[in-house]
Amino acid sequence: MKQGQFEALYQPVWQALETLIEQLEARKGVLTAQQLTEFAPLYRKVCHFHALAKERRYSSYLVDKLGDLVVRGHQQLYRRKQPLAQQFLRFIVTDFPRLVRQEQGYFWTATALLYLPGLLLFLAVLWQPDLVYTIMAPEQVDNFEEMYNPANRTLGSARESATNWQMFGFYISNNIGVSFRTFASGLLYGIGSIFFLVFNGLLFGAVAGHLTNAEYTETFFTFVVGHGSFELTAIVISGAAGLKLGYHLLNPGNRTRLEALKQAGRIAIRLVYGVIIMLVIAAFIEAFWSSNNILVPWQKYLVGAALWVVVIAYLCLSGRQGKADLP
């Protein structure tokens, strides 16, 4: 079935659902019993239409519009039935990983933009050590050497704060700042998100390569392996959200750019909510576990590997029902 036929046949269904959703969102009174009865069947049909539109590769405008209705309908369907704590738990356990999988095209693009430049510069610095100064000033290089000196009792950022709890707060502020810039700069037609992803990848590769040359490999990698699973993945998802904003600004389809941005923003901001949760977890691990220089390296590598498995399994498997995701 061609898209035009599909829209002509089924558009009244999703328009009816959109009307009910708008009434609920605007809190314009209470829906009638008949309207409430109609809501769930309409929602199920639109979920089906969304899946068909994606499978048949209809225009991004139609796929995104139906996807937006699915998300908004889901919010209305569950928000009045569940206390806030249950909604929060549902978002963490099911909605967020599903949303990441739904936007996996942006996710994998952001992954490549972060990791590939970092890997290339890491290898280049191993081969030509002076290349580290193309990314960092000599003072920054000296600072990193001091931070990861094996003689330190604690590793990572210089401990100007007296307690792990203060460092926990510092890491939250710093990491959220990096992720927010990566996300928000997507408003520059995606160029900003691309820049911050590539730059952070290059910075990480340069630092890793230089500290490997300085024979600080053990202290550096045992530090980053623990919290890196949450922190680096959160930065990738922030970049994916920013790329989504940029793509819809560049390619609004039949919509105005403002309308396209609003629709993309509803999904992107939910990705950022999940990113914040991941960064809080990363900051806790970084402050209380990663910085500890007393543990044996194999213990930190083992825990770090386990955390990577947890993050990958969470994003790939959590929230699935049977073989298919709920849209």
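Model, not experiment: these values are computed from the prediction.

**Student:** I'd like to hear about the overall build of the protein, residue by residue, with values.
**Tutor:** Helix and strand content of the protein: 11 helices and 0 strands. Mapped from its N terminus to its C terminus, the protein presents α and β elements in the order α-α-α-α-α-α-α-α-α-α-α. Put simply, the protein has 327 residues, and 45% of those count as buried. Counting contacts in the protein only where the partners sit at least 6 residues apart, residues at least 24 apart contribute 77% of the total.

**Student:** Could you give me a rundown of the packing of helix 5 (residues 104–127) against helix 8 (residues 191–213), with the residues and numbers involved?
**Tutor:** In contact at an axis separation of 7 Å, helix 5 and helix 8 are set at 30° when each is read in the N-to-C sense. With respect to each other, helix 5 and helix 8 are oriented roughly parallel. Judged by the twist between their axes, the crossing of helix 5 over helix 8 is right-handed. Taken together, the residues of the contact of helix 5 with helix 8 sort by class into 14 nonpolar, 8 polar and no charged.

**Student:** Any details on a nonpolar patch on the surface? Residues and values, ideally.
**Tutor:** A cluster of nonpolar side chains, namely L188, Y189, I191 and L250, defines an oily patch on the protein surface of about 440 Å² accessible area. Structurally, I191 can be placed in helix 8.

**Student:** Hey, could you go over the nonpolar core for me, with residue numbers and the actual values?
**Tutor:** Counting residues in each nonpolar core, the largest one holds 34 residues, and the members touching the most others are F96, V100, L197, F230, I237, L271 and M278. Elements represented by at least two residues in this core include exactly helix 4 (84–102), helix 5, helix 7 (164–184), helix 9 (217–250), helix 10 (257–290) and helix 11 (297–317). When residues in this core are grouped by element, the largest group, 10 residues, is from helix 10. Setting aside chain neighbours within four positions, we find I237 in contact with F96, V100, F107, L271, V275 and M278. With 23 residues, the next largest nonpolar core counts L121, A124, V125 and Y216 among its residues.

**Student:** Got a sec to walk through helix 1 (residues 3–26)? Specific residues and values, please.
**Tutor:** Where helix 1 bends most, at Y10, the angle is about 55°, and the proline P12 comes one to four residues later. Within helix 1, burial applies to F6, V13, W14, L17, E18, L20, I21 and L24.

**Student:** Explain the pattern of salt bridges residue by residue, including any values.
**Tutor:** Under the counting rule described, the total for this entry stands at 6 salt bridges. Put simply, D68 and R72 hold a salt bridge, and the shortest N to O gap is 3.3 Å. Within this pair, D68 and its partner R72 are both found in helix 3 (residues 60–79), separated by 4 residues, close to a single helical turn. R72 shares its class with D68; the two are buried. Here D68 makes a salt bridge to R266, at a shortest N to O gap of 3.2 Å. One end of the pair, D68, is in helix 3; the other, R266, is in helix 10, with 198 residues separating them in the sequence. R266 sits in the partly exposed class, given a relative accessible area of 35%. Shared partners join several salt bridges into a network, and the residues in it are D68, R72 and R266.

**Student:** Could you give an account of the packing of helix 8 against helix 9, with specific residues and numbers?
**Tutor:** At a minimum axis distance of 11 Å, the contact between helix 8 and helix 9 shows a crossing angle of 170°. Judged by the inter-axis angle, helix 8 sits roughly antiparallel to helix 9. Contact with helix 8, carried on its side by S193, I194, L197, F204, V207, A208, L211 and T212, involves T217, F220, F221, V224, I235, V236, G239, G242 and L243 of helix 9 and no other residues of that element. When grouped by side-chain class, the residues that make up the contact of helix 8 with helix 9 number 12 nonpolar, 5 polar and no charged.

**Student:** Kindly report on the packing of aromatic side chains, identifying the contributing residues and their values.
**Tutor:** Overall, the coordinates contain 18 aromatic pairs when judged by the stated rule. Judged by centre distance (5.1 Å) and plane angle (50°), the rings of F6 and Y58 are tilted. Of this pair, F6 sits in helix 1 while Y58 sits in the loop between helix 2 (33–55) and helix 3, placing them 52 residues apart in sequence. Judged by relative accessible area, F6 falls into the buried class, the value being 0%. Given the relative accessible area of 10%, Y58 is considered buried. Ring centres of F204 and F220 lie 5.8 Å apart, and the angle between their planes is 45°; on these two criteria the pair is classed as tilted. Taken together, the residues F204 in helix 8 and F220 in helix 9 connect sequence positions 16 residues apart. With relative accessibility at 3%, the residue F220 sits in the buried group. Joined through ring pairs, the aromatic side chains of F6, Y10, W14, F49 and Y58 make up one cluster.

Rules behind the numbers
- Residues numbered from 1 in each chain as written.
- Predicted model: local features only at pLDDT ≥ 70, side-chain atom pairs only at ≥ 80, totals over all residues.
- Heavy atoms only, no water.
- Helix = DSSP H or I, 4+ residues; strand = E, 2+ residues; numbered from the N terminus.
- Buried < 20%, exposed > 50% of the residue type's maximum accessible area, 1.4 Å probe, protein only.
- Contact = heavy atoms within 4.5 Å.
- Axes fitted to C-alpha atoms, helices over the stretch in contact; angles between N-to-C directions.
- Parallel < 35°, antiparallel > 145°, perpendicular 65-115°, else oblique.
- Left-handed = near helix turned anticlockwise from the far one by under 90°.
- Nonpolar A, V, L, I, M, F, W, Y, C, P; charged D, E, K, R; others polar.
- Patch = residues over 30% accessible without salt bridge, like charges linked within 9 Å, V, L, I, M, F, W, Y side chains within 5 Å.
- Areas by Shrake-Rupley, 256 points an atom, 1.4 Å probe, with all protein chains shown as cover.
- Salt bridge = Lys/Arg side-chain N within 4 Å of Asp/Glu carboxyl O.
- Core = buried A, V, L, I, M, F, W, Y, C linked by side-chain atoms within 4.5 Å.
- Bend = angle between axes of the 7 residues up to and from the residue.
- Phe/Tyr/Trp six-rings, centres within 6.5 Å; stacked < 30°, edge-to-face > 60°.

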